[in-house]
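Listed below, chain by chain, are the residues.
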Amino acid sequence: MTRDGYVARWRGREYQASPDGTDVRLYQPEPDDGFAEVRPGRYVRVVPAAEVEDLAYVRTTCTWQGQPFIVLAEHEGWLRVEYTGGRWPVAEAMGLEAFDFGVYQGWAPATEVADLGEQRV
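Naming follows an unreviewed UniProt entry, where the protein chain appears as DUF427 domain-containing protein of Micromonospora maritima.

Okay, structure coming up:
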């Protein structure tokens, strides 16, 4: 599973989350007490930030062709990756797309990716 976003631990359980000032929005895919449906398969509960046990930003990282990347998405055996090495000649040599100034992305075959893991910030 590819994760790129906030997570919060509340009452011993981890949720997708979104900080909102002095509150934190917690998300889950199924209904539960105190959670309101925002769309099918998406439920939210707003809790005070002081009640949250842990809040972190989690992103999936990997290496591809020996270079560092974050994983943005996955689709049918391919991973959408963003180069984090900071060297544009390397990004160009790999055939990555210039997504924005200094931001290079591409699709990598999942079978060629190594060191897949999560980084908590």
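Read on, since the account is not over.
Bridge count for strand S1 (residues 4-10) against strand S6 (residues 54-64) is six bridges, and the pairing is antiparallel. Opposite Gly-5, over in S6, you have Val-58 as the bridge partner. Examined bridge by bridge, S1 and strand S2 (residues 13-20) share four bridges and lie antiparallel to one another. From the neighbouring strand, Ala-8 faces S2, where its bridge partner is Tyr-15. Following S1, the chain reverses through two residues before pairing antiparallel with S2; Arg-11 in that reversal takes a positive phi of roughly 55 degrees.

Okay, the pattern of salt bridges next. Counted according to the given criterion, the structure contains eight salt bridges. For the salt bridge of Arg-120 with Glu-14, the shortest nitrogen-to-oxygen distance reads 3.5 Å. With a gap of 106 residues between them, Arg-120 in strand S11 (residues 113-120) and Glu-14 in strand S2 connect regions that are remote in the sequence. Classification of Arg-120 as partly exposed rests on a relative accessible area of 43%. Between Arg-80 and Glu-97 there is a salt bridge, and its shortest N-O distance comes to 3.3 Å. Taken together, the residues Arg-80 in strand S8 (residues 78-83) and Glu-97 in strand S9 (residues 97-100) connect sequence positions 17 residues apart. By relative accessible area, Glu-97 is classed as partly exposed at 42%.

With that settled, the discussion passes to the environment of Val-46. Position of Val-46 relative to the elements: it lies in strand S5 (residues 42-48). Val-46 sits in the partly exposed class, given a relative accessible area of 41%. C-alpha separation for the pair Val-46 and Gly-12, spaced 34 residues apart in sequence, amounts to 16 Å.

What counts, and at which threshold
- The residue count restarts for each chain, going from 1 along the sequence in the order it is written.
- It should be noted that, the model being predicted, local features are given only for residues of pLDDT at least 70 and side-chain atom pairs only at 80 or more, the latter also being counted only at that level, while totals for whole chains, interfaces and linings use all residues.
- Heavy atoms from the whole structure form the basis of all side-chain values; hydrogens and water molecules are not counted.
- In this analysis, strands are considered paired if DSSP registers two or more bridges between them.
- A run of H or I in DSSP counts as a helix once it spans at least four residues, and a run of E counts as a strand once it spans at least two, with each numbered from the N terminus.
- Note on definitions: salt bridges are taken to be side-chain nitrogens of Lys or Arg within 4 Å of carboxyl oxygens of Asp or Glu.
- Working definition: with a 1.4 Å probe on protein chains only, accessible area under 20% of the residue-type maximum means buried, over 50% means exposed, and in between means partly exposed.

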